[in-house]
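Fold and contact review
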Amino acid sequence: MGCAQSRLRTKVDVRDLEASVHTGDIVLFSSKHAAANVTKFFTASTWDHIGLVVKFGPRHVFILEYAGGVYLYPLFTRLYTYYAVQGRVISLRRLLPGQDRAEMQKKVEIFVRNVLGKSPPSIRELVTAILRQEQFLSSFIARLAGGGDGKGPPPEVHDSLETMFCSKLIAAIFKDIGLLEAHRESADFLPKHFSAAYDGYLDLQRGAILGPELPINFDSVSEEIDSLRNQIAEVRARARRTAH
């Protein structure tokens, strides 16, 4: 394990991503817009958004996200435009699924077809996800200590997928492919729960592992980012002049 870890890269270039990622890898976002700051404040986290890599082939690499609906975006274009407009830090965590990748790919593709376009969550659902963290952590610690009520495993939970938010979407996929226990509720997961600091809370099954957080480097597209930012600044300036 030590030898493998010593070969891990500490950063990954955005232009290299499509060739190196696999379906199931996750992308964590730390944004700088006002809504993201509110999210990070109430969830006590660096991360305010999350997406999942879905790779249909070498030239068809997408990121699955909830953004007012469930969408697939081309990975490279989505990341560099997001970073240019509102990104602070974007990191990749590679999934070692502990199962046959081809079978996992089929399951993910079926799931994706079923959830595209789902509705936004209620405020109650988002608040509940935050409040349940303490309850789950207490029961998790009890299990580690050999506690429990002696009544066997908790009952399976069937999640409602009629409404979505970004981390619920990723948790629902992980649960569907067997990486989260059946009694876990997908709505209990926030973006931070997929970060390395919360691997114990995530508690992946079947021997699956999420690798370390690899910051994505955007230096190779710095000219494109500067150009896009200049275009945005010009549009905003025109809008302000028109308003006056």
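Scroll up a little and you will see the structure.
Predicted model, so just to flag it, every value in this text is computed and none were measured.

Let's talk about the overall build of the chain
For the chain, the helix and strand inventory stands at nine helices and nine strands. Residue pairs in contact within the chain that sit at least 24 positions apart in sequence constitute 73% of those at least 6 positions apart. As displayed, the chain offers around 13,100 Å² of accessible surface, 55% of which is attributable to carbon and sulfur atoms.

Digging into the pairing of strand β4 (residues 60-66)
The element β4 is largely enclosed, with a buried count of five among its seven residues. Two elements, strand β3 (residues 49-57) and β4, share five bridges in a ladder whose sense is antiparallel. From the neighbouring strand, G57 faces β4, where its bridge partner is H60. Counted between consecutive antiparallel strands, the loop separating β3 from β4 contains two residues. Alignment of β4 against strand β5 (residues 70-74), held across five bridges, turns out to be antiparallel. Counted as the bridge partner of F62 is P74 from β5. The turn linking β4 back onto β5 is made up of three residues, and G68 within it adopts a positive phi angle of 80 degrees.

Some points on the packing of aromatic side chains
For the structure shown, the criterion picks out eight aromatic pairs. With a centroid separation of 6.0 Å and an interplanar angle of 45 degrees, the aromatic rings of F189 and F194 are classed as tilted. Comparing F189 with F194 shows no difference in burial state: the two are buried. Taken together, the ring pairs connect F174, F189, F194 and Y201 into an aromatic cluster. Note that R78 overlies the ring of Y73, its terminal NZ or CZ placed 4.6 Å from the centroid.

Considering the nonpolar core
Residues L169, F174, F194 and L204 are the most contacted members of the largest nonpolar core, which totals 33 residues. Counting only elements with at least two residues in this core, the list comes to β2 (26-31), β3, β4, α5 (101-115), α7 (166-176) and α8 (199-202). Of the residues forming this core, the biggest block, seven residues, is contributed by α7. Beyond its immediate stretch of four places on either side in the chain, F194 contacts I26, L28, I50, R93, S167, I170, A171, F174, F189, L202 and L210. L17, V21, A84 and I225 belong to the second-largest nonpolar core, a separate cluster that totals 21 residues.

As for the packing of α5 against α7
Put simply, α5 and α7 touch, their axes get as near as 10 Å, and they point 140 degrees apart. In this view, α5 runs oblique relative to α7, as classed from their interaxial angle. As α5 runs across α7, the sense of the crossing is right-handed. In contact with K107, V108, F111 and V115 of α5, α7 contributes L169, A172, I173 and D176. In terms of residue class, the contact of α5 with α7 is built from six nonpolar, no polar and two charged.

Regarding the environment of A197
Relative to the elements of secondary structure, A197 occurs in the loop between α7 and α8. A sequence separation of 16 residues divides A197 from E213, and the C-alpha atoms of the two residues are 9.9 Å apart.

Here's the deal with unusual backbone geometry
One can expect most non-glycine residues to show negative phi and most peptide bonds to be in trans. Positive phi, normally seen in glycine, also occurs at D203, with a value near 55 degrees. Although it is not a glycine, R206 adopts a positive phi angle of roughly 60 degrees. Within the secondary structure, R206 sits in the loop between α8 and β8 (209-210).

As for the pattern of salt bridges
Tallying each qualifying case throughout the model produces four salt bridges. Put simply, D199 and R93 hold a salt bridge, and the shortest N to O gap is 3.0 Å. With D199 in helix α8 and R93 in strand β6 (residues 87-93), this residue pair connects regions lying 106 residues apart in the sequence. The class for R93 is buried, based on a relative accessible area of 1%.

Parameters at a glance
Residues numbered from 1 in each chain as written. Predicted model: local features only at pLDDT ≥ 70, side-chain atom pairs only at ≥ 80, totals over all residues. Heavy atoms only, no water. Helix = DSSP H or I, 4+ residues; strand = E, 2+ residues; numbered from the N terminus. Contact = heavy atoms within 4.5 Å. Areas by Shrake-Rupley, 256 points an atom, 1.4 Å probe, with all protein chains shown as cover. Buried < 20%, exposed > 50% of the residue type's maximum accessible area, 1.4 Å probe, protein only. Pairing = 2+ DSSP bridges. Phe/Tyr/Trp six-rings, centres within 6.5 Å; stacked < 30°, edge-to-face > 60°. Lys NZ or Arg CZ within 6 Å of the ring centre and 35° of its normal. Core = buried A, V, L, I, M, F, W, Y, C linked by side-chain atoms within 4.5 Å. Axes fitted to C-alpha atoms, helices over the stretch in contact; angles between N-to-C directions. Parallel < 35°, antiparallel > 145°, perpendicular 65-115°, else oblique. Left-handed = near helix turned anticlockwise from the far one by under 90°. Nonpolar A, V, L, I, M, F, W, Y, C, P; charged D, E, K, R; others polar. Salt bridge = Lys/Arg side-chain N within 4 Å of Asp/Glu carboxyl O.

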